[in-house]
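One-letter residues, chain by chain:
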Amino acid sequence: MPHHSQTDSLEPAASIREEIRKQGPMTFARYMDLCLYHPEHGYYTSGAGRIGKEGDFFTASDVGTCFGRCVTRVLQEMDQALGNPEPFRLLEFGGGRGLLARDILDAAAADEDFARRLQYTLADRSAGMREQAAGEAAEARIVDPVKEPDEPAGHGCVLAVELFDALPVHRVVRREGRLREIRVGLDTAGEPAAVEVDPLPEVEAYAAKYGAAALEGQEAEVCLAAEEQFRRMAATLRSGFMILVDYGHPAARLYDASRPGGTLLAYHRHSTNDEFVRRIGKWPSHPVPEAVIFCYQASLLDHIREHHDVTRGDGYFAKMMLPAAAGGRVGVVGGHGIGAPFAATY
């Protein structure tokens, strides 16, 4: 969940405060949706300049064309398995600036028959992204998935790269054995602040089904939007395949004891934090440690957490703990993936 840069206007915060004053604490899913997709000032909807090497994060297509060429090879195998349909429809959800579309279209051009039958549709909620995509991949049909009707079922493939991890989520926590939902209200100064209320029935049912926030004090995310998004994508296919590239774990691992604070992260300038509510448009307050220790054993992380005085600081593509004995100069990082080594060069 990206933050706005310090120089950006903070209109989303004003919109959020006004809605809370009128309607009471909002679900975190609603809050997250406004931050990311506010019609005028949302992180994604206000323009395409936030993504890339000069922005807050970048994608595989920012690095080069290799990923697009690999996807195209798989698409050609799918095309053969489907009997070379006319057309072969490729629908990309969350297509952004059209960089991946451009790479796929260029790679497909090497196969004249496949390129002729390939019908590319790129869907993205951001008007700024769609504008850039139209210039980047002029051959593709560019649509707003909110306003445009769903594509009729056809033969081909649905493609989504890091779409599901950006869907709005509800947040929950276990308190005195009961599930509570973390919403966004206002503190005494009128600033957005986390408040805990009884969960919505659908949120509680989801948490019970998948074991979210099963332990006392544990926080977790509940993504009700994921199932609806998946159904909508599947409905566009009469026959074919889906390519979904994203982050995730089986529910038992996603919600286990190694993630007491959940998995939600905010991004700013290629680093992460967990200042979701109080710091709209602001940089996290905790200092950058001078050294980082990468810990690959969950049991060792648990030992450090249980036997040492630590402050939690989210950053560097992972969960970070700052031992008090080191005065905040050393961070211990765990729960990271392949991006973790980049922390060493920050």
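To keep things clear, this report deals only with the structure shown in the data block. Note that the structure is predicted; figures quoted are calculated from it, not measured. (Residues numbered from 1 in each chain as written. Predicted model: local features only at pLDDT ≥ 70, side-chain atom pairs only at ≥ 80, totals over all residues. Heavy atoms only, no water.)

A closer look at the packing of aromatic side chains
Both the distance between ring centres and the angle between the ring planes are used here to describe each pair of aromatic rings.
Thought 1: If you walk through the whole model with that rule in mind, you get 3 aromatic pairs.
Thought 2: Relative to Tyr 31, the ring of Phe 28 lies with its centre 5.3 Å away and its plane at 50°, an arrangement referred to as tilted. Of the two residues, Phe 28 and Tyr 31 both sit in helix α2 (residues 28-37), 3 residues apart, roughly one turn of that helix.
Thought 3: By relative accessible area, which is 0% here, Phe 28 ends up buried.
Thought 4: With a relative accessible area of 0%, Tyr 31 lands in the buried category.
Thought 5: Over the ring of Phe 28 we find Arg 171; its NZ or CZ atom is 5.3 Å from the centre of that ring. (Phe/Tyr/Trp six-rings, centres within 6.5 Å; stacked < 30°, edge-to-face > 60°. Helix = DSSP H or I, 4+ residues; strand = E, 2+ residues; numbered from the N terminus. Buried < 20%, exposed > 50% of the residue type's maximum accessible area, 1.4 Å probe, protein only. Lys NZ or Arg CZ within 6 Å of the ring centre and 35° of its normal.)

Observations concerning the nonpolar core
Thought 1: Ranked by internal contacts, the top residues of the largest apolar core, which has 28 residues, are Ile 16, Met 26, Phe 28, Tyr 31, Tyr 44, Phe 93 and Met 233.
Thought 2: Looking at this core, the elements that each hand over two or more residues are α1 (11-23), α2, β2 (88-93), β5 (154-161) and α9 (225-234).
Thought 3: Among the elements that take part in this core, α2 stands out by supplying 7 residues, more than any other.
Thought 4: By size, the runner-up hydrophobic cluster in this structure holds 20 residues, among which are Val 71, Ile 104, Ala 108 and Leu 122. (Core = buried A, V, L, I, M, F, W, Y, C linked by side-chain atoms within 4.5 Å.)

Quick look at unusual backbone geometry
Thought 1: A cis amide bond, omega 0°, links Glu 86 with the succeeding residue Pro 87.
Thought 2: Within the fold, Pro 87 resides in the loop between α4 (66-81) and β2.
Thought 3: Positive phi values are uncommon outside glycine, yet Glu 176 reaches one of about 50°.
Thought 4: Not every positive phi belongs to a glycine, and Ala 213 is a case in point at roughly 50°.
Thought 5: Residue position: Ala 213 is located in the loop between α8 (201-210) and β9 (219-222).

Details of the pattern of salt bridges
Thought 1: Enumeration over the complete set of coordinates arrives at 19 salt bridges.
Thought 2: The salt bridge partner of Arg 102 is Asp 106, with a shortest N-O separation of 2.9 Å. Of this pair, Arg 102 and Asp 106 both sit in helix α5 (residues 99-108), 4 residues apart, which is roughly one turn of that helix.
Thought 3: Residue classification places Arg 102 among the buried residues on the basis of a relative accessible area of 17%.
Thought 4: Measuring nitrogen to oxygen at the nearest pair gives 3.7 Å for the salt bridge that ties Asp 144 to Arg 130. Placement of the pair is Asp 144 in the loop between β4 (141-143) and β5 and Arg 130 in helix α7 (residues 127-136), with a sequence separation of 14 residues. (Salt bridge = Lys/Arg side-chain N within 4 Å of Asp/Glu carboxyl O.)

Some words on the state of the cysteines
Thought 1: Inspection of every chain in the model, using the stated rule, returns 0 disulfides.
Thought 2: Take Cys 66: it sits in no disulfide, and the sulfur closest to it among the cysteines is that of Cys 70, at 4.2 Å.
Thought 3: Taking the relative accessible area as the measure of exposure, Cys 66 reaches 47% and is therefore partly exposed. (Disulfide = S-S within 2.5 Å.)

Focus on the sheet that holds strand β10 (residues 237-245)
Thought 1: Across the sheet, 5 strands lie side by side as β4-β3-β2-β5-β10; this open sheet has parallel pairing. Of all the strands in the sheet, the pair left with one neighbour each is β4 and β10. Each adjacent strand pair in this sheet contributes to an overall mean axis angle of 20°, direction not counted.
Thought 2: Alignment of strand β3 (residues 118-123) against β4, held across 3 bridges, turns out to be parallel. Within β4, the position partnered with Ala 123 by the bridge is Val 143.
Thought 3: In the packing of α5 onto the sheet, the strands contacted are β2, β3 and β5, and the crossing angle to β3 comes to about 175°. (Pairing = 2+ DSSP bridges. Axes fitted to C-alpha atoms, helices over the stretch in contact; angles between N-to-C directions. Contact = heavy atoms within 4.5 Å.)

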